[in-house]
Amino acid sequence: MIKKQLVVEQGWNFDNSYAKLPNTFYTSLNPTQVASPKLVIFNDALAAELGLNQQELEGKVGAEIFAGNIIPEGAAPLAQAYAGHQFGHFTRLGDGRAHLLGEHISPSGKRYDIQLKGSGRTPYSRGGDGRAVLGPMLREYIISEAMHALGIPTTRSLAVVTTGEEVIRETILPGAVLTRVAASHIRVGTFQYAAAWCSEDELRKLADYTIQRHYPELEGESESNRYRRLLQTVIQRQAELIAKWMQIGFIHGVMNTDNMTISGETIDYGPCAFMDIYDPATVFSSIDRDGRYAYGNQPYIGGWNLARFAETLLPLLHADENKAVEIAQDEISKFNELFSQNWTKGMRAKLGLYREETGDEALIEGILSLMKKHRADFTNTFRSLTYNLQSEAMFGSSDFGKWHEQWQTRLEKQQESKQDVQRLMRSVNPVVIPRNHRVEEALEAATNGDYNVMMKLLNVLTRPYEYIANHDEYCQLPAPSARPYQTFCGT
Ligand code: AMP
Ligand code: MG
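Numbers given for residues are sequential positions, taken from 1 along each chain in its written order. The naming scheme follows written order: chains are lettered A onward, ligands numbered 1 onward. This being a predicted model, a pLDDT of at least 70 is required before a residue's local features are given, and a value of 80 or more before pairs of side-chain atoms are given or counted; all residues contribute to the totals for chains, interfaces and linings. To get the side-chain values, all heavy atoms of the structure are used, and hydrogens and water are removed first.

### Description of the coordination of the magnesium ion (ligand 2)
Next, step 1: Distances from the magnesium ion (ligand 2) to its protein donors, Asn 259 (OD1) and Asp 268 (OD), fall at 1.9 to 2.2 Å. Each member of the pair Asn 259 and Asp 268 is classed as buried. For Na, K and Ca the donor cut-off is 3.2 Å, while for other metals it is 2.8 Å, and in both cases only N, O and S atoms qualify; water is not among them, so sites may look incomplete. The buried label applies to any residue whose accessible area, calculated with a 1.4 Å probe on protein chains only, is under 20% of its type's maximum; exposed applies above 50%, and partly exposed to all values in between.

This is how it looks when you write it as structure tokens:
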């Protein structure tokens with residue numbers, strides 16, 4: 001029996017609106033009890049934002065809650081049903097190892113999903129053990145929090161507990177549960193599930209719920225326009241998001257449709273990683289053999305996923321199927337342009353350019369092709385341009401010299417001062433990112449019981465846009481022997 005605990009003093013304020021959807025969308029069930037939970041990391045800053053009581057939750061009770069052994073008062077755990085195209089293949093899925101505890105309403109009135117990941121089997125486990133291991137859960141914690149600090153919309157991480165149980169992978173590893181905080185867990189795959197296995201009425205209920213939860217400004221739209229506007233808005237959010245990823249060198253690694261949110265938050269930090277040397281073909285994921293989710297392929301895949309989303313909305317877009325297809329195609333065809341506007345706007349800022357001028361695209365292309373040719377580090381190149389550093393060998397080359405001159409001429413043509421230019425560049429060019437070898441080093445120490453390396457890294461990553469001299473060691477590339485770096489899925 002799972003104990004219910006009065007938790008007024010813990011600050012929880014649960015509401016469970018997802019559970020009011022037709023029950024085909026979820027299964028109510030509690031997490032599986034674990035042997036001996038121990039809290040290994042707790043996010044004080046996020047807890048404060050959520051209005052949670054840190055002292056209460058950092059103790060033994062917190063460990064029990066974040067392991068799923070105690071259900072806080074007001075929470076009503078469930079596993080969500082969804083589907084998805086995984087590497088292009090359509091499958092019925094669902095939370096196979098996650099439980100949504102409920103939606104917590106923060107003191108400012110914002111609604112957040114509180115989800116445990118690694119919390120045991122569900123009807124959607126498909127033969128999996130429902131469990132997660134410590135290393136990957138800490139990795140999600142580090143990278144999602146780094147993304148948040150970088151200003152990228154993302155799910156966040158509130159806590160990681162070890163379960164005191166062993167999990168069998170290729171070797172025996174310590175079990176862990178991550179507490180993920182999200183605007184919601186509604187995915188493109190949730191709509192695919194509704195379109196494939198539910199009635200039109202149920203699909204409409206999901207769409208209306210999504211609009212109410214994420215885009216309430218669309219509720220005033222006429223019935224005939226509302227779902228088209230939903231499609232438009234999601235396309236816009238994803239175009240913005242993917243451009244933002246790429247401007248900091250982020251490679252998601254597994255952009256399956258079940259890993260794309262309707263809220264526009266980054267989700268599912270499995271095989272993601274940051275590119276170091278600039279090359280659009282960069283892939284880190286061990287299972288992505290064809291480079292489907294390579295750095296430079298992300299906008300293409302984004303558009304592909306959004307086309308799948310548009311298909312699910314067809315019955316709602318127009319009663320006449322041909323007209324519905326026309327509407328969907330019309331909206332989907334705008335994605336490329338929207339992405340490229342966002343990309344160019346962001347890249348312009350990275351170069352300190354305040355306004356649009358012809359020739360900007362060539363200037364952007366120019367620096368990228370030089371970086372590729374000279375194998376320059378993506379982050380450090382922009383960091384050096386911002387802070388006048390000499391980090392890259394490329395800076396001594398004559399072709400770079402020529403580009404630099406063009407860039408300076410372009411900068412001088414704008415009315416903004418040098419300080420204005422620097423201010424803009426500093427706000428968009430990170431000094432530190434979670435470099436792969438640094439993340440690995442932190443995880444290795446943590447899984448051996450030493451959390452100091454990770455705490456230090458997290459501390460550095462919370463201020464990515466500040467130039468702090470003694471953070472220099474976090475800007476260095478790994479020794480060549482540490483490459484090629486590989487990441488793994490679903491661990
Ligand atoms: P992911 O690759 O993390 O997006 O996961 C794809 C699907 O596999 C999701 O439905 C997960 O819930 C499920 N899954 C991943 N790992 C496990 C596991 N150990 N046990 C059960 N289901 C899992
Ligand atoms: Mg997933």
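Right, picking up where we left off after that structure.
### A word on the domain arrangement of the protein chain
Next, step 1: Here the bounds of each domain stem from an automatic or database domain assignment. Assigned domains of the protein chain: these are domain 1 (4–182) and domain 2 (188–342).
Next, step 2: Computed from C-alpha atoms alone, the centre-to-centre distance between domain 1 and domain 2 is 24 Å.
Next, step 3: Domain 1 puts 35 residues into the contact, and the matching count from domain 2 is 39 residues.
Next, step 4: Summed over both partners, the accessible area lost on bringing two parts together, with a 1.4 Å probe, is the buried area. Buried surface at the junction of domain 1 and domain 2, both sides included, amounts to about 3100 Å², of which 64% is carbon and sulfur.
Next, step 5: The three residues of domain 1 that bury the most area against domain 2 are Phe 25, His 85 and Phe 87, which together make up 21% of that side's buried surface.
Next, step 6: Throughout this description, the term salt bridge denotes a Lys or Arg side-chain nitrogen within 4 Å of a carboxyl oxygen of Asp or Glu. Counting across the interface, domain 1 meets domain 2 through two salt bridges.
Next, step 7: With its nearest N and O atoms 2.6 Å apart, the salt bridge here joins Asp 113 to Arg 213.
Next, step 8: Polar contact criterion, stated in full: a pair of N or O atoms within 3.5 Å, where within protein one must be able to donate a hydrogen and the other to accept it, and residues adjacent in sequence count only if both atoms are side-chain atoms. At the boundary of domain 1 with domain 2, the tally comes to 14 residue pairs in polar contact (both at pLDDT 80 or more). Only heavy atoms enter the contact rule, under which two residues are in contact if any of them lie within 4.5 Å.

### Focus: the pairing of strand β8 (residues 98–105)
Next, step 1: When you tally the buried positions in β8, you get eight out of eight residues, the bulk of the element.
Next, step 2: In this scheme, strands are said to pair when DSSP sees at least two bridges between them. A run of DSSP states H or I qualifies as a helix once it reaches four residues; a run of E qualifies as a strand once it reaches two. Both are numbered from the N-terminal end. Bridging between strand β2 (residues 14–15) and β8 involves two bridges; their strand directions are antiparallel. Each bridged residue has a counterpart across the sheet, and for Asp 15 the counterpart in β8 is Glu 103.
Next, step 3: Relative to strand β9 (residues 111–117), β8 runs antiparallel, the two being bridged by seven bridges. Counterpart to His 104 in the pairing with β9 is Tyr 112.

### A few points about the packing of helix α11 (residues 360–374) against helix α12 (residues 378–387)
Next, step 1: In contact at an axis separation of 11 Å, α11 and α12 are set at 125° when each is read in the N-to-C sense. Relative to α12, the element α11 is oriented oblique. Where α11 crosses over α12, the handedness of that crossing is right-handed. Between α11, through Ile 367, Leu 368 and Met 371, and α12, the contact on the second element is made entirely by Phe 378, Thr 381, Phe 382 and Leu 385.
Next, step 2: Taken together, the residues of the contact of α11 with α12 sort by class into six nonpolar, one polar and no charged. Fitted lines through C-alpha atoms serve as axes, helices being fitted only where they are in contact, and the angles separating the N-to-C directions of these axes extend from 0 to 180 degrees. In this scheme, roughly parallel covers angles under 35 degrees and roughly antiparallel covers those over 145, while 65 to 115 is roughly perpendicular and the rest are oblique. Helix crossings fall into two classes, left-handed where the near helix is turned counterclockwise from the far one by less than a right angle and right-handed where it is turned clockwise. For this classification, Asp, Glu, Lys and Arg are treated as charged, while Ala, Val, Leu, Ile, Met, Phe, Trp, Tyr, Cys and Pro are nonpolar and the rest, including Gly, are polar.

### Some points on the environment of Ala 324
Next, step 1: The topology assignment puts Ala 324 in helix α9 (residues 321–332).
Next, step 2: Taking C-alpha positions, Ala 324 is 8.6 Å from Leu 313, a pair spaced 11 residues apart along the chain.
Next, step 3: Excluding residues that lie within four positions of it along the chain, Ala 324 makes contacts with Leu 314, Leu 317 and His 318.

### Observations regarding the site of ligand 1
Next, step 1: Gly 94, Gly 96, Asp 129, Gly 130 and Asp 268 are the nearest of the 17 residues found near ligand 1.
Next, step 2: Arg 131 places a main-chain nitrogen or oxygen 3.3 Å from a nitrogen atom of ligand 1.
Next, step 3: To be clear on the numbers: accessible area is Shrake-Rupley with a 1.4 Å probe, and residue cover counts the displayed protein chains and nothing else. Out of a free accessible area of 490 Å², ligand 1 has 86% covered by protein chains.
Next, step 4: For the shell around ligand 1, the residue count by class is two nonpolar, seven polar and eight charged. Any residue with a non-hydrogen atom lying within 4 Å of a molecule or strand is treated as near it.

### Focus: the packing of aromatic side chains
Each aromatic ring pair is described using two quantities: the centre-to-centre distance and the angle formed by the ring planes.
Next, step 1: Within 6.5 Å between ring centres, the rings of Phe, Tyr and Trp (the latter by its six-membered ring) count as paired, and their orientation is classed by plane angle as stacked under 30 degrees, edge-to-face over 60, tilted in between. Scanning the model with the defined rule gives 24 aromatic pairs in all.
Next, step 2: Note on Tyr 18 and Tyr 209: the rings are 5.8 Å apart at their centroids and 80° apart in plane angle, and the pair reads as edge-to-face. Here the residue Tyr 18 occupies a position in the loop between β2 and β3 (26–28), and Tyr 209 occupies one in helix α6 (residues 200–214), the gap between them amounting to 191 residues. For the pair formed by Tyr 18 and Tyr 209, the shared burial category is buried.
Next, step 3: Consider the rings of Phe 284 and Tyr 485, whose centres lie 5.7 Å apart with planes at 70°: the pair is edge-to-face. Within this pair, whereas Phe 284 is found in the loop between β14 (273–274) and α8 (298–317), its partner Tyr 485 is found in the segment after α16 (452–461), the two being separated by 201 residues in sequence. Comparing Phe 284 with Tyr 485 shows no difference in burial state: the two are buried.

### What to know about the nonpolar core
Next, step 1: Ranked by size, the top nonpolar core spans 90 residues in total, and within it Phe 191 and Leu 385 carry the most contacts.
Next, step 2: A per-element tally of this core places helix α7 (residues 223–247) first, with 11 residues.
Next, step 3: Lining this core are residues from two domains, each supplying at least three of them: domain 1 (4–182) and domain 2 (188–342).
Next, step 4: Discounting chain neighbours no more than four positions away, the residues touching Leu 385 are Leu 351, Ile 367, Phe 395, Phe 400, Trp 403, Trp 407 and Met 425.
Next, step 5: Among the buried residues, those of types Ala, Val, Leu, Ile, Met, Phe, Trp, Tyr and Cys that are joined through side-chain atoms within 4.5 Å form a nonpolar core. In this structure, Ala 176, Leu 178, Val 431 and Leu 461 belong to the second largest nonpolar core, which totals 27 residues.

### Describing a negative patch on the surface
Next, step 1: Among the surface-exposed residues, Glu 337, Glu 356, Glu 361 and Glu 365 lie close enough to one another that they form a single negatively charged patch.
Next, step 2: In this fold, Glu 365 is placed in helix α11. A patch is a set of surface residues, each over 30% in relative accessible area and not in a salt bridge, joined within 9 Å for like charges and within 5 Å for the nonpolar side chains Val, Leu, Ile, Met, Phe, Trp and Tyr. Under the convention used here, Asp and Glu are negative, Lys and Arg are positive, and both His and the chain ends fall outside the count. Charge coordinates come from a single atom per side chain, which is NZ of Lys, CZ of Arg, CG of Asp or CD of Glu.

### Notes on the side chain of Asp 377
Next, step 1: One can find Asp 377 in the loop between α11 and α12.
Next, step 2: Judged by relative accessible area, Asp 377 falls into the buried class, the value being 1%.
Next, step 3: One polar contact links the side chain of Asp 377 to the main-chain amide nitrogen of Thr 379, over a distance of 3.3 Å.
Next, step 4: Looking at Asp 377, its side chain comes within polar contact range of the side chain of Arg 435, at 2.8 Å.
Next, step 5: Not counting residues up to four positions away in its chain, the partners in contact with Asp 377 are Asp 276, Ile 277, Met 371, Glu 392, Arg 435 and Leu 477.

### Describing the pattern of salt bridges
Next, step 1: Per the stated rule, a full pass over the model turns up 33 salt bridges.
Next, step 2: For Asp 320, the salt bridge is made with Lys 323, and the minimal N-O distance between the two is 4.0 Å.
Next, step 3: Overall, Asp 320 belongs to the partly exposed group, its relative accessible area being 31%.
Next, step 4: Taken together, the salt bridges that share partners define one network made up of Asp 15, Glu 103, Arg 111, Asp 113 and Arg 213.

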